[in-house]
Amino acid sequence: MKSTVSQSSPPRLGPREDVAAFERLAQSLVGITAQSLDALDGAVTVAQFRLLRTLDGLGRVSSTALATALGTAPSSVTRLVDKLEAAGLVARGADAHSRAIVTVEVTAAGRTVVGTVLARRHALLEAVLDAMTPDERDQAAQVASRFALLAGDAVTAKGLTAL
């Protein structure tokens, strides 16, 4: 009997090339997000901004619905809301049908924060996109839209603009 030796590929030492490219993209986008928050001189963290941005898109919702939209534990949302409420960026209320249900909504000051950060982020993204050719920008927009659709997000699942 002949013995057959399987010639398999050597073990992968890192991620696939496409995965590595998207990892670099993710790191770049996190950097842009951090730079956009710098416009606030440390007033909110990335997690706090994500909550503000999501809540701004959802409108007044229960804290449980907000936790679900963020994909996080209600206790985490409570802690974030505590800090944002103390800063005057969100307001708590009660549901019209059940006072036991706590609602949360963005205040005018919170909307200002969201607008400031988004304006800064849009400027940073435009600077990168402006370094591309029109064809590259079109391709990047198509790939980014498809990736966001496939990856999903609590915000995009609701048809809103993602963080």
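To be clear, the structure that these remarks concern was listed above.
Note that this is a predicted model, so its numbers are computed, not measured.

1. Description of the overall build of the protein
Moving on, step 1. A count of helices and strands for the protein gives six helices and three strands.
Moving on, step 2. The linear arrangement of helices and strands in the protein, starting from the amino end, is α-α-β-α-α-β-β-α-α.
Moving on, step 3. Within the protein, the proportion of its 163 residues that are buried is 24%.
Moving on, step 4. The long-range fraction of contacts in the protein, counting pairs at least 24 apart against all pairs at least 6 apart in sequence, stands at 57%.

2. A few points about the environment of Asp 95
Moving on, step 1. Relative to the assigned elements, Asp 95 resides in the loop between strand E2 (90-94) and strand E3 (102-106).
Moving on, step 2. Separated by 33 residues in sequence, Asp 95 and Ser 62 place their C-alpha atoms 7.5 Å apart.
Moving on, step 3. In contact with Asp 95, other than residues within four places in its own chain, are Arg 60, Ile 101 and Thr 103.
Moving on, step 4. From its side chain, Asp 95 meets the backbone nitrogen of His 97 in a polar contact 2.8 Å long.

3. Structural notes on the nonpolar core
Moving on, step 1. Counting residues in each nonpolar core, the largest one holds 23 residues, and the members touching the most others are Val 44, Leu 51, Leu 52, Leu 55 and Leu 66.
Moving on, step 2. Of all the elements in the fold, those that place two or more residues in this core are helix H2 (46-58), helix H3 (63-70), helix H4 (74-86), E3 and helix H5 (108-130).

4. Focus: the packing of aromatic side chains
Moving on, step 1. Counted according to the given criterion, the structure contains one aromatic pair.
Moving on, step 2. Centroid distance Phe 22 to Phe 147: 4.7 Å. Interplanar angle 15°. Geometry classified as stacked. Taken together, the residues Phe 22 in helix H1 (residues 17-37) and Phe 147 in helix H6 (residues 134-151) connect sequence positions 125 residues apart.
Moving on, step 3. The class of Phe 147 is partly exposed, set by a relative accessible area of 45%.

Calculation notes
Residues numbered from 1 in each chain as written. Predicted model: local features only at pLDDT ≥ 70, side-chain atom pairs only at ≥ 80, totals over all residues. Heavy atoms only, no water. Helix = DSSP H or I, 4+ residues; strand = E, 2+ residues; numbered from the N terminus. Buried < 20%, exposed > 50% of the residue type's maximum accessible area, 1.4 Å probe, protein only. Contact = heavy atoms within 4.5 Å. Polar contact = N/O pair within 3.5 Å; in protein donor to acceptor, adjacent residues only side chain to side chain. Core = buried A, V, L, I, M, F, W, Y, C linked by side-chain atoms within 4.5 Å. Phe/Tyr/Trp six-rings, centres within 6.5 Å; stacked < 30°, edge-to-face > 60°.

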